[in-house]
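Listed here are the chains, written in short residue letters.
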Amino acid sequence: DLFEQQGISTYIHAPAPEGCEYSYGPDDCPPVGNQLSRLLATKCNYPYSDTDNLQRVSWYYEVTNRFRHLLIDEIKTAVHVNRRPSSVLRGLARLRFPIVITTNYDKLYEQALETIALESGRPANNYDKSIYARNDPSSKLRTKTRDCDISPSPDKPYLLKIHGDIDVPDSIVITDE
């Protein structure tokens, strides 16, 4: 997009700028879409030039490895294992939105919510999380999307993960299939 063309980072998980007092380096943040795509492309020897096409690279990874769970395990390692919330993500958690909708698979926003809650003397796991599921009776996904309360509260925010959650492998939306 325009911001990327101008070299401006628009990512919540971007490393802290040089000289910033908050330590958040590249090893702390999960890869964003095109970075994840290139990582997967390298791991599966993707033979085409469109290594930034996450849906296509993910599909290729899944097909060449024959099992979707291998793709999901690789994604979990890349976006969640040994990662931590950025200062931007923690700042968003401090804003105490009653409803949060995210496309991220990781659990970093949940970690940020828990950290901020504990700092404020509130219970750590005081949020409702729902994972989007197609309204399809033939779907194998056992998780059903739950609606938020009629009056959502910042004291117990509703978190909707529309591309899935890393802890519910069948919920991950990453390939066109």
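This text goes with the structure placed above it.
Note on numbering: residues in each chain are counted from 1, in written sequence order. For this predicted model, a pLDDT threshold of at least 70 governs which residues receive local features, and a threshold of 80 or more governs which side-chain atom pairs are given and counted, while totals over whole chains, interfaces and linings are taken from all residues. Hydrogen atoms and water are omitted, and side-chain values are computed over all heavy atoms in the structure.

Here we take up the overall build of the protein chain. Per the convention used, a helix needs a DSSP run of H or I reaching at least four residues, while a strand needs a run of E reaching at least two, with both numbered from the N terminus. Each helix and strand counted, the protein chain has six helices and three strands in total. Working definition: with a 1.4 Å probe on protein chains only, accessible area under 20% of the residue-type maximum means buried, over 50% means exposed, and in between means partly exposed. Counting the 177 residues in the protein chain, one finds 35% classified as buried. For the protein chain, long-range pairs separated by at least 24 residues make up 60% of all intrachain contacts whose partners lie at least 6 apart in sequence. In the form shown here, the protein chain has an accessible surface area of approximately 10800 Å², with 51% of it arising from carbon and sulfur atoms. Here, two residues are considered to be in contact whenever any of their heavy atoms come within 4.5 Å of each other. Here the open area of atoms and residues is found with the Shrake-Rupley method and a 1.4 Å probe, where only the protein chains shown may cover a residue.

With that settled, the discussion passes to the packing of aromatic side chains. The criterion for an aromatic pair is that two Phe, Tyr or Trp rings (for Trp, the six-membered ring) have centres within 6.5 Å, with stacked assigned to planes under 30 degrees apart, edge-to-face to planes over 60 apart and tilted to the rest. A full pass over the atoms with the stated rule returns three aromatic pairs. When the centroid spacing of 5.4 Å and the interplanar angle of 75 degrees are considered together, the rings of Y46 and Y48 count as edge-to-face. Classification of Y46 by relative accessible area gives buried; the value is 8%. A relative accessible area of 44% places Y48 in the partly exposed class. Ring centres 5.2 Å apart and planes at 85 degrees place the aromatic pair Y46 and Y60 in the edge-to-face group. Here Y46, found in the loop between α2 (33-43) and α3 (54-65), pairs with Y60, found in helix α3; they are 14 residues apart in sequence, far enough to count as distant. Among the aromatic side chains, those forming a connected cluster through ring pairs are Y46, Y48 and Y60. A ring is scored as having a charge over it whenever the NZ atom of a lysine or the CZ atom of an arginine sits within 6 Å of its centre and within 35 degrees of its normal. We note R56 situated over the ring of Y48; from NZ or CZ to the ring centre the distance is 5.0 Å.

Two measures define how a pair of helices packs: the angle their axes make with one another and the distance between the axes. For the pair α2 and helix α4 (residues 68-79), the least separation of the axes is 11 Å and the interaxial angle reads 130 degrees. One element, α2, and the other, α4, form an angle in the oblique class. The interaxial crossing formed by α2 with α4 has right-handed handedness. From α2, L36, L39, L40 and K43 reach across to α4, where they touch L71, E74, A78 and V79. Residue composition of the contact of α2 with α4, grouped by class: six nonpolar, no polar and two charged. Think of each axis as a best-fit line through the C-alpha atoms, taken over the contacting stretch in the case of a helix, with angles from 0 to 180 degrees between the N-to-C directions. Relative orientations are named as follows: roughly parallel for angles under 35 degrees, roughly antiparallel for angles over 145 degrees, roughly perpendicular for angles from 65 to 115 degrees, and oblique for any other angle. Here is the rule for handedness: rotate from the far helix to the near one, and if that takes an anticlockwise turn smaller than a right angle the crossing is left-handed, while a clockwise turn gives right-handed. Throughout, the ten residues Ala, Val, Leu, Ile, Met, Phe, Trp, Tyr, Cys and Pro are labelled nonpolar, Asp, Glu, Lys and Arg are labelled charged, and all others, Gly among them, are labelled polar.

Another point: the pairing of strand β1 (residues 99-102). Here β1 shows a clear split, with V100 and T102 buried on one side and none of I99 and I101 buried on the other. Strands pair, by our definition, only if DSSP identifies at least two bridges between them. In terms of strand pairing, β1 meets strand β3 (residues 158-161) through four bridges, oriented parallel. Note on β3: the bridge partner recorded for I101 is L160.

Attention shifts here to the side chain of S171. Its location among the elements puts S171 in the segment after β3. Polar contacts here mean pairs of N or O atoms no more than 3.5 Å apart (in protein, one a potential hydrogen donor and the other a potential acceptor; neighbouring residues in sequence count only if both atoms are side-chain atoms). Within the structure, S171 has its side chain in polar contact with the backbone oxygen of V168 (distance 2.6 Å).

On to the sheet that holds β1. Taken together, three strands build an open sheet; the order of strands is β1-β3-β2 and the sheet is parallel. Either end of the sheet is taken by a strand with one partner, and the two such strands are β1 and β2 (128-131). Each strand of the sheet is rotated relative to its neighbour by a mean of 15 degrees, with strand direction disregarded. The pairing of β2 with β3 spans four bridges and is classified as parallel. Note that in β3 the partner of D128 across the bridge is Y158.

Everything listed here is a matter of coordinates, which is why it stays silent on function.
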